[in-house]
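What follows is each chain in one-letter form.
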Amino acid sequence: MNYPVPENEEKRLTALHRLEILYTGSEPTFDRVAEMAQQIFGTESAAVSLVDEERQWFKSSCGLDLQETPRERSFCAHVIEDPEVMVVEDALADERFKTNPLVAEEGGIRFYAGAPITLEDGIHVGSLCVIDSAPRAFGGSDQQMLRRLADLTADLMEGRRRSYQARYLSSVLGQVGESVLVMEAEPIDPPGPQIVWVNEAFAEMSGYEREELIGKTPRVLQGPATDQDELDRVRAALENGECAQAETVNYRKDGSPYVASWNVAPVRDAEGEITHWASVQRDVTDQRAREEELEYRARHDLLTGLLARKALKEQLQEGIEQGTGGALLMIDLDHFKQINDTLGHSAGDQLLQEVAQRIEASVRSRGRDVAARIGGDEFVVWLPSAQTAEDAVTVAQQILDQIGEPVQISGREIFADGSIGIVPNLLEYDSAEHALGDADAAMYQAKRSDAYSLVVHNEAMTEAMSRSLRLESELRRAIERKEFEPFFLPVVELETGKLQGVEALARWRHPSGELKSPGTFLDVAEETGLIVPIGHQVIEQACAAVQDLRETYGQKWMLTLRGNFSRREFLRGNMRDFVEQMLDRYDMNPSTFKMEITEQVAESSLERDRGEVDPLIDLGVQMEIDDFGTEFSSFRSLLEFPVSGFKIDRELTAMLPESERGQQLLASVLDMGRRLDFSVTAEGIETADQLSMLQSMGCAYGQGYLFGRPVPVDEMKEMIDRPPWTAYW
């Protein structure tokens, strides 16, 4: 047995079997829970699973072909050990699961999050889990939401058990339940037959004493919210001598309402004549409230209270089919990921809630307009009342103005901007999916534009979005097929001309035979998060190449390997583990491993109290600020972030030798580097004049096409043995 077993296993199994739910058929209540979890979190599958002695069994699931699995393969077997939500962002990177057949098989589990289903006495009988075949993050708000759904599932199971026991008792005793009353046979018409007997349960449910009800009619329980049509339907059945079932709002003696589910059946004498009516009733107020909560959760975003994607699509599709028309706005917050990374998920959630309130306030006065949050930092507004594109643009600008107002979060003033894509005329569409896709394409163009925050859709945008989606699919396949590889750009010691190190640059060897540079795929890789596995793939191959060279030239031969690390990659929280694995696996001296990061990464890490940085520094690796001198250059990052140097951007190098001010600027930057004891590397050296001038300024290292273009692994030895740049020394 190679799976964890809780200390209270015997007690846990007893509680599980007491539920009398194992290996029972499908039930809509639990099916809705699984469907809701799948829709809320946008995963490929979700399941309500229970763990018995040897198996994991799925009471309900969506997106899964499995009915059960051996317990030793079960993720749920680990969930029931702990009261907290278990999150496995990438199963292949988790020692507990990476060899699990459910993970290792093609298209297997990569992401898993499970919350224990906990009964009232703290026993975990199973889990509510969401599963995907691609790695993904699962933040604090997501975990809290999954925890609530699991608690709701536990309540439903307890309620099911109690309901089952009640039905069992009824089958033994005839008709006994939570409450019973017996009425005379006549009259059927109002005011109805008189009550001749009730049990204590009925009296307790209604708030009356038993004696107070005798001689009254059931009308004493009715009130303003009682459905008269439902009562008429029951009355018609009774006139035919038939049984009837109903659910109505009844009222207690103190006037408080409750929902009663009840049936009524004839009591016949020996001749078959109806002498009385017997009714068994049950207070289902709590059950209906839970079901309404489930329905609300399925249709609303729990963080903001706005409609969720599924509910919006249903309303939008109905409106399109009815010819309602209007306009559609797709809204995306700019730089939300940066806010999340720097201030934390709690601040990000507060910002989303504030933005949702402002969007809702912008459209509330317009009557029929609908606002929804469809995921992450994306919102949608449907404007049925918009008659023209100008109407839609006006509302969109009002929303942007509202979003742009400062937000106070944790004592800090935050400014949020947005980008909006507009579909101006829904009468041109036959499906909500198509309209949302075009609004998304327009929003994507707005985000990429430096000039416009509002963009009205045209067909060219849809084609651009399609190209991005195709590229994303290609990138995913390329990662699986290991089509990414490092090319090496030499870094030269400018005083001596000696090779100091190499920078590993990503290249994509496309199946078509074309060698693609990052410029062809970097934007999509960054947006989708695929930059992380691509970067890891390239860095690992580069480390292996350096190890092979060391075996060729001897262990004392030293070469510094520089690698670029993206913001997504750096802030995932497991960067230290990856770097440590590379150092150990390829026997690298940490001092020869340089991580090149942008200033944005440094700034973000400073905001996060260097939680990801210090463990890396403890390993002994070095960090450099890449592209220093572009966009914004923060002296704070140089002074407070533990870097060993920086790289002067090629745009500054390109000023040489013509620009006198450029020379003065570079000289000042180099002097600053020396005074701070930084290693400084000049990028983009392409001419002998630039080299000579940088040497005269005392620049330590340089790289650029003057020394050679990036080369693949199999050309590294040739570059080392016969360096093409020696003619300049």
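This section reports on the structure supplied with the text.

About the criteria used
Residues numbered from 1 in each chain as written. Predicted model: local features only at pLDDT ≥ 70, side-chain atom pairs only at ≥ 80, totals over all residues. Heavy atoms only, no water. Helix = DSSP H or I, 4+ residues; strand = E, 2+ residues; numbered from the N terminus. Buried < 20%, exposed > 50% of the residue type's maximum accessible area, 1.4 Å probe, protein only. Contact = heavy atoms within 4.5 Å. Polar contact = N/O pair within 3.5 Å; in protein donor to acceptor, adjacent residues only side chain to side chain. Pairing = 2+ DSSP bridges. Axes fitted to C-alpha atoms, helices over the stretch in contact; angles between N-to-C directions.

**Things to note about the overall build of the protein**
Item 1. Helix and strand content of the protein: 26 helices and 27 strands.
Item 2. Its C-alpha atoms put the protein at 120 × 65 × 50 Å along the principal axes.
Item 3. Classification of the 729 residues of the protein by burial places 50% in the buried group.
Item 4. Nonlocal contacts in the protein, meaning residues at least 24 apart in sequence, comprise 63% of its contacts between residues at least 6 apart.

**Here's the deal with unusual backbone geometry**
Item 1. Going from Glu186 to Pro187, the amide bond is cis rather than trans, its omega being -5°.
Item 2. On the secondary structure map, Pro187 appears in the loop between strand S7 (179-184) and strand S8 (195-198).
Item 3. Along the chain, Pro190 connects to Pro191 via a cis peptide bond; the corresponding omega equals 10°.
Item 4. Here Pro191 shows up in the loop between S7 and S8.
Item 5. Although it is not a glycine, Asp627 adopts a positive phi angle of roughly 55°.
Item 6. Its identity as a non-glycine residue notwithstanding, Asp677 has a phi of 60°, on the positive side.

**As for the side chain of Glu503**
Item 1. Residue position: Glu503 is located in strand S20 (residues 499-509).
Item 2. A relative accessible area of 5% places Glu503 in the buried class.
Item 3. Here Gln703 takes part through its side chain, which lies 2.8 Å from a polar atom of the side chain of Glu503.
Item 4. Apart from residues lying up to four places away in sequence, Glu503 is in contact with Phe487, Phe488, Leu489, Val491, Arg562, Asn564, Glu596, Lys647 and Gln703.

**Describing the environment of Cys243**
Item 1. Looking at the secondary structure, you find Cys243 in the loop between helix H8 (228-239) and strand S9 (244-251).
Item 2. By relative accessible area, Cys243 is classed as exposed at 55%.
Item 3. Between the C-alpha atoms of Cys243 and Trp277, which are 34 residues apart in sequence, the distance is 9.3 Å.
Item 4. With residues up to four places along the chain from it excluded, the contact list for Cys243 reads Ala237, Val264, Ala265 and Pro266.

**Comments concerning the pairing of strand S23 (residues 593-597)**
Item 1. Of all five residues in S23, five are buried; the element is thus mostly enclosed.
Item 2. Residues Phe593, Met595 and Ile597 of S23 are buried on one face, and the alternating residues Lys594 and Glu596, pointing to the opposite face, are buried as well.
Item 3. Pairing between strand S22 (residues 560-564) and S23: four bridges, direction parallel. Considered in S23, the bridge of Asn564 is made with Glu596.
Item 4. Relative to strand S24 (residues 622-628), S23 is paired through four bridges, and the arrangement is parallel. Residue pairing across strands places Ile597 opposite Ile625, the latter belonging to S24.

**What about the sheet that holds strand S4 (residues 86-88)?**
Item 1. Overall, antiparallel pairing links the six strands, which are arranged S3-S2-S1-S6-S5-S4 in an open sheet. The open sheet has two edge strands with one neighbour each: strand S3 (68-70) and S4. Going across the sheet, the axis of each strand differs from the next one's by a mean of 25°, ignoring polarity.
Item 2. Sheet topology places strand S5 (residues 111-118) next to strand S6 (residues 124-132); eight bridges connect them, and they run antiparallel. Note that in S6 the partner of Gly114 across the bridge is Cys129.

Function cannot be read off these values alone, since they describe shape.
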